[in-house]
Amino acid sequence: MSTLPKVAWIGLGIMGSPMSENLIKAGYQVTGYTLEQDKLDRLAAAGGTAAGSIAEAVEDADVVITMVPASPQVEAIAYGPDGILENARSGALLIDMSSITPQTSVDLAKAAVDQGIRVLDAPVSGGEAGAIEAVLSIMVGGEQADFAEAEPIFQALGKTVVLCGPHGSGQTVKAANQLIVAVNIQACAEAVVFLEKSGVDLKAALDVLGGGLAGSTVLTRKKDNFLGRDFKPGFRIDLHHKDMGIVTDAARNVGAALPVGAVVAQLVASLRAQGDGGLDHSALLRAVERLSGARL
């Protein structure tokens, strides 16, 4: 019998499916629930157990992990008679790995106390590739003892795992991450259009830029997207639009100015309004191309 904690996983999307599968590979018993039957079938094929409801998934779990799109979805699965807090056992550890507002995480931790459930907010960075390769960066908010208990699970999912402070801190750091990523993608997109319009060999240019101070994880990860105009979603514009709303709102609350971030947030919003919300966030290139006269 495995001595590893039993895990319930709620949310098996682009990120959740490969992450849950990595836990299975690490020897964890994973019971999952999501709304899409094909995702449940995928989990079962990987060696997990598909549940028919949230209550069924969490009732025997030592650890409950959630990975859903935004704050409303976290609230929907956490609260109410069919939710996690009402059905998980007292003493369970709830790890929310979604990217949501810091306040939602703080409120969830407070509400869970009454049920005897401990909470960590643990959003991730690294996209679909990072989830598949188990090299995610995981930024965590919560109590030190709970973090220590969860760390073996985190190590099966990611490469850089850091406790950033009390509840909500992980989400605050994730908001800053999304700000940096969006601005970086926008800068790369502008450079691509500039280089192409200048007649430069784009692949050669991106190769040499990647080796210098302009190099970044964003450029490395998204270079092929730019070269091939491949915008299959690894992280959708719709979700980055949500995240830019989180960071701009949180910054306003603490009195931090985000002049460049505010502009990029509007560019993300405009791309979404033009019907590209379902594309990968590297599709910010399309917005720059439109502004530069291309008809897409």
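These remarks concern the structure in this document. (Residues numbered from 1 in each chain as written. Predicted model: local features only at pLDDT ≥ 70, side-chain atom pairs only at ≥ 80, totals over all residues. Heavy atoms only, no water.)

The next thing to look at is the pairing of strand β9 (residues 158–165). Here strand β8 (residues 136–141) pairs with β9 via 6 bridges, running parallel. From the neighbouring strand, L136 faces β9, where its bridge partner is G158. In this fold, β8 hands off to helix α8 (residues 144–157), which returns the chain to β9; that crossover is right-handed. (Pairing = 2+ DSSP bridges. Helix = DSSP H or I, 4+ residues; strand = E, 2+ residues; numbered from the N terminus. Right-handed = clockwise from strand over helix to strand, strands pointing away.)

It is worth spelling out empty space enclosed by the protein at this point. Summed over all chains, the structure comprises 1 cavity of 30 Å³ or more. Computed from the structure, the largest cavity encloses a volume of approximately 40 Å³. If you go around the largest cavity, the residues you meet are S99, I100, Q171, K174, A175, D243 and I246. Broken down by secondary-structure element, the contributors of at least two residues to the lining of the largest cavity are α9 (169–197) and α12 (237–254). Within the lining of the largest cavity, the residues separate by chemical class into 3 nonpolar, 2 polar and 2 charged. (1 Å grid on protein atoms, 1.4 Å probe; cavity = no way out; pocket = protein on both sides within 12 Å on 5 of 7 lines; lining within 4 Å. Points joined across faces, edges and corners; volume = space filled by probe spheres on them. Nonpolar A, V, L, I, M, F, W, Y, C, P; charged D, E, K, R; others polar.)

Those residues of helix α10 (residues 202–210) that sit buried are L202, A205 and L206. Taken down its axis, α10 places every buried residue within 95° of arc, on the same side. Taken together, the buried residues of α10 touch α9 and α11 (217–228). The residue sitting at the N-terminus of α10 and contributing the capping side-chain oxygen is D201; that oxygen lies 3.1 Å from the backbone nitrogen of K203. (Buried < 20%, exposed > 50% of the residue type's maximum accessible area, 1.4 Å probe, protein only. Arc of directions from axis to C-beta. Contact = heavy atoms within 4.5 Å. Polar contact = N/O pair within 3.5 Å; in protein donor to acceptor, adjacent residues only side chain to side chain.)

With that out of the way, let us pick up the packing of α10 against α11. One can describe the packing of α10 onto α11 by two numbers: an axis separation of 11 Å at closest approach and a directional angle of 175°. Comparing their axes, α11 and α10 come out roughly antiparallel. For the pair α10 and α11, contact is made by L202, K203, L206, D207, L209 and G210 and by L219, K223 and L227, respectively. (Axes fitted to C-alpha atoms, helices over the stretch in contact; angles between N-to-C directions. Parallel < 35°, antiparallel > 145°, perpendicular 65-115°, else oblique.)

Its location among the elements puts T160 in strand β9. Distance from T160 to V106, taken between C-alpha atoms, is 23 Å for residues 54 residues apart in sequence.

Glancing now at the layout of surface pockets. Think of a ball as big as a water molecule: rolled over the atoms, this probe shows where empty space is left. The calculated volume of the second largest pocket comes to roughly 310 Å³. In terms of lining, the second largest pocket is formed by 19 residues, of which the most central are P102, I246, D249, A250 and A251. Contributing elements (two or more residues each) for the lining of the second largest pocket: α6 (102–113), α9 and α12. A total of 8 residues in the lining of the second largest pocket trace back to one element, the largest contributor, which is α12. The class makeup of the residues in the lining of the second largest pocket is 11 nonpolar, 7 polar and 1 charged.

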